Amino acid sequence: SRLIGACDFIPDDRGRRHEESVAVLANGVLKLTRAGSYAMRAMVGLARSGPKPLAVRELARREGLPPLFLSKILTPLVRAKLVKARPGEGGGVSLARPAAAIRLLDVLEADPGSLARARCAFFPDRGCEGARCRVACLFRQEETRLKRSFASVTIEQLAQRLMLHPANGARGAA
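Caption draft 1: Focus on the overall build of the protein. Of the regular secondary structure elements, the protein holds seven helices and four strands. When the helices and strands of the protein are listed from N to C terminus, the series reads α-β-α-α-α-β-β-α-β-α-α. Buried positions account for 39% of the 174 residues belonging to the protein. Counted over contacts in the protein with a minimum sequence separation of 6, partners at least 24 positions apart contribute 65%. Surface accessibility of the protein: about 9,700 Å² in total, with carbon and sulfur atoms responsible for 55%.

Structure (structure tokens):
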């Protein structure tokens, strides 16, 4: 069955729970796209499935993801050497290295579209220009903190935390 609730457990560099950091995503710095969300879910699914290749259709079924969209999402993960793809009979996809060695930020940065910059808070007619912006924007500071938070969590940790989430039937989970 598909596991939910991962983001409840991602602390930022100040020890805040991820719900507080999500406000940064929602209020104008970065937007986690559907592709980014699906990429995280796919990587956790691969971590849970073990080292043996898993057919993309089976991964999609297990994680509740659209198979065709998942195939497109896996392409940048393969290019970034986070996922191995083996064609043919008995082939499929698997993690290219241990889940403990893959950071959430690696997954989200594998596809530049996973974390999209939001509109500028001061000039809503254009997108955030990031480091090129002349406004010393507090949102950019929060973006840096959020990325540090994503860099501090591995896919292995995320998979373990998901197993403990109350929504997944775990007892006594925080």
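From this point on, the discussion continues.
Caption draft 2: Inspection of the nonpolar core at higher detail. M43, L77 and V107 are the most contacted members of the largest nonpolar core, which has 35 residues in total. Put simply, the parts of the chain that give this core at least two residues each are α2 (34-49), α3 (56-63), α4 (67-79), β3 (92-95), α5 (104-110), α6 (138-151) and α7 (155-164). Of all the elements, α2 adds the most residues to this core, at eight residues. Ignoring sequence-local partners within four residues, the contact set of L77 consists of A39, M43, L82, V83, V107 and A110.

Caption draft 3: Layout of the environment of D111. Looking at where D111 falls in the secondary structure, it is placed in the loop between α5 and β4 (115-117). Between the C-alpha atom of D111 and that of R79, which follows or precedes it by 32 residues, the distance is 9.4 Å. Sequence-distant contacts of D111, that is, excluding residues within four places in its chain, are made with A35 and P76.

Caption draft 4: Highlighting the pairing of β3. Looking at chain direction, strand β2 (residues 83-86) and β3 are connected through four bridges and run antiparallel. Each residue of the ladder has a partner; that of R86, found in β3, is G92.

Caption draft 5: Looking closely at α4. The end-to-end C-alpha distance of α4, which contains 13 residues, comes to 19 Å, matching closely the 18 Å that a straight helix rising 1.5 Å per residue would cover. Where α4 is buried, its residues touch α2, α3, β2, β3 and α5. Count one or two residues on from α4 and you reach K81, which has phi positive near 60°.

Caption draft 6: Local environment of unusual backbone geometry. We note that K81 has phi near 60°; this positive angle belongs to a residue other than glycine. In this fold, K81 is placed in the loop between α4 and β2. Take K81: its relative accessible area is 61%, and that puts it in the exposed class.

Caption draft 7: Representation of α3. For α3, every residue scored as buried is listed here: L59, A60 and E63. One side of α3 holds all its buried residues, which, seen down the axis, span an arc of 100°. Among the exposed residues of α3, those pointing more than 90 degrees away from its buried face are R57 and R61. Here the buried face of α3 lies against α2, α4 and β3.

About the cut-offs
Sequence order sets the numbering: in each chain, residues are counted from 1 along the sequence as written. Since the coordinates come from a predicted model, pLDDT governs what is reported: local features require at least 70, and pairs of side-chain atoms require 80 or more to be given and counted, while whole-chain, interface and lining totals use all residues. Hydrogens and water are ignored here; the side-chain numbers use all heavy atoms of the structure. Runs of H or I in DSSP of at least four residues are treated as helices and runs of E of at least two as strands, each being numbered from the N terminus. Burial here depends on accessible area, computed with a 1.4 Å probe over protein chains only, as a share of the maximum for the residue type. Under 20% is buried, over 50% is exposed, and the range in between is partly exposed. We call two residues contacting when some pair of their heavy atoms lies within 4.5 Å. For the accessible areas, the method is Shrake-Rupley and the probe is 1.4 Å, while residue cover comes only from the protein chains on display. Here, nonpolar core refers to any group of buried Ala, Val, Leu, Ile, Met, Phe, Trp, Tyr and Cys residues whose side-chain atoms link them within 4.5 Å. By this definition, two strands are paired if DSSP reports at least two bridges between them. Multiplying 1.5 Å by the residue count of a helix minus one yields the expected span of that helix. As used here, the arc is the angular range of directions from the helix axis to the C-beta atoms.

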